[in-house]
Amino acid sequence: MKGRLILLAAFTLLPFAAFAADCEWKETTGESAVENITAEEARQLALNRARSKAVEEVSGVKIQGSSLVKNFNLAADFIQAMSAGYILEEKAVKWKTGTHQEKPEATPLTIYKVTLNSCVASVAAGDPYFSIKASLNRPVFLSGEEARITASCTKDCFLTILNLTADNKIRLLLPNKYKPSIRLKANEAYSFPVEGLALEMHTIPGHSRDTEAFLIIATKEKFDSIRLLNKGEDIPQKEFYKAILSLPADTRAEEMVVYEVRERN
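A brief structural summary. What you see is a predicted model; the values in this text were computed from it and never measured.

**So, the side chain of threonine 160**
Reasoning step 1: Mapped onto the secondary structure, threonine 160 falls in strand E10 (residues 157–164).
Reasoning step 2: Once residues within four sequence positions are removed from consideration, threonine 160 is found in contact with Leu172, Leu174, Leu215, Ile216, Ile217, Phe223 and Ser225.

Structure, rendered in structure tokens:
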């Protein structure tokens, strides 16, 4: 019988809660329209937009997407932006609610706008000759379909694969109880999951379409991620980012792979 690592996808992004000595405070705004999403989802998108702006200002990474967020596909831009910086602290200064009407005949949309103070630490430059490439078998999945990740490093490396989830958790996929930590040779391609296991994709209950990401980390030395596990397969955010930041920047490389899951009609 084939084992299954069942993933519940979601569009919510994680603020990078980490411990570091230096960060820069930025005040930014984000807004989102309630269109084909719930009010809570719109508020989360507004927060993510404000976070992305803060990371953009500190890191210099340009983020695509309109200032008025109303499309789930823009979540991919936010996830990629978060890989350029770590939000160590944040505080919502104020919320405003308004309406937006694109055309006179269109139905007015409720708009949520947040002003956020964020303390952002930019990602330090690493070894320019040490990098990781990762890809998925497809960018969009229907609920119940299986995902497969392929990864390779430019130098010998140890591989860690995680899933960023909707409820502010980090799920460890590799290593796991079926497959211990692995060491790859330079440019050796690795496919996950291994034979006999599957990554079965599903949306969060009640959602018709979700966007999420896999985080693939390559390290020159073995990274003991299993010791960070809380219960089950989840790693507390603070513990994880504290551990990642404790590694010298030139000994690690990261790649984020974004995907979408849709419910079947």
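**Some thoughts on helix H1 (residues 39–59)**
Reasoning step 1: With 21 residues, H1 extends 30 Å from end C-alpha to end C-alpha; this agrees with the ideal 30 Å at 1.5 Å per step.
Reasoning step 2: Just past H1, the residue glycine 60 takes up positive phi, approximately 85°.

**Quick look at the environment of proline 108**
Reasoning step 1: Among the secondary structure elements, proline 108 is positioned in the loop between strand E4 (85–100) and strand E5 (109–122).
Reasoning step 2: For the pair formed by proline 108 and glycine 98, sequence separation is ten residues and the distance between their alpha carbons is 9.7 Å.
Reasoning step 3: Each residue touching proline 108, except ones within four places of it in the same chain, is listed here: His100 and Gln101.

**Considering the pattern of salt bridges**
Reasoning step 1: Summed over the entire model, instances satisfying the criterion amount to nine salt bridges.
Reasoning step 2: When the shortest N-O distance is used, the salt bridge between glutamate 145 and arginine 138 registers 2.9 Å.
Reasoning step 3: Accessibility expressed as a relative area gives 34% for arginine 138, which makes it partly exposed.
Reasoning step 4: Where salt bridges share partners, they join Glu24, Lys26 and Glu57 into one cluster.

So, how was this worked out
- Residues numbered from 1 in each chain as written.
- Predicted model: local features only at pLDDT ≥ 70, side-chain atom pairs only at ≥ 80, totals over all residues.
- Heavy atoms only, no water.
- Helix = DSSP H or I, 4+ residues; strand = E, 2+ residues; numbered from the N terminus.
- Contact = heavy atoms within 4.5 Å.
- Expected span 1.5 Å × (residues − 1).
- Salt bridge = Lys/Arg side-chain N within 4 Å of Asp/Glu carboxyl O.
- Buried < 20%, exposed > 50% of the residue type's maximum accessible area, 1.4 Å probe, protein only.

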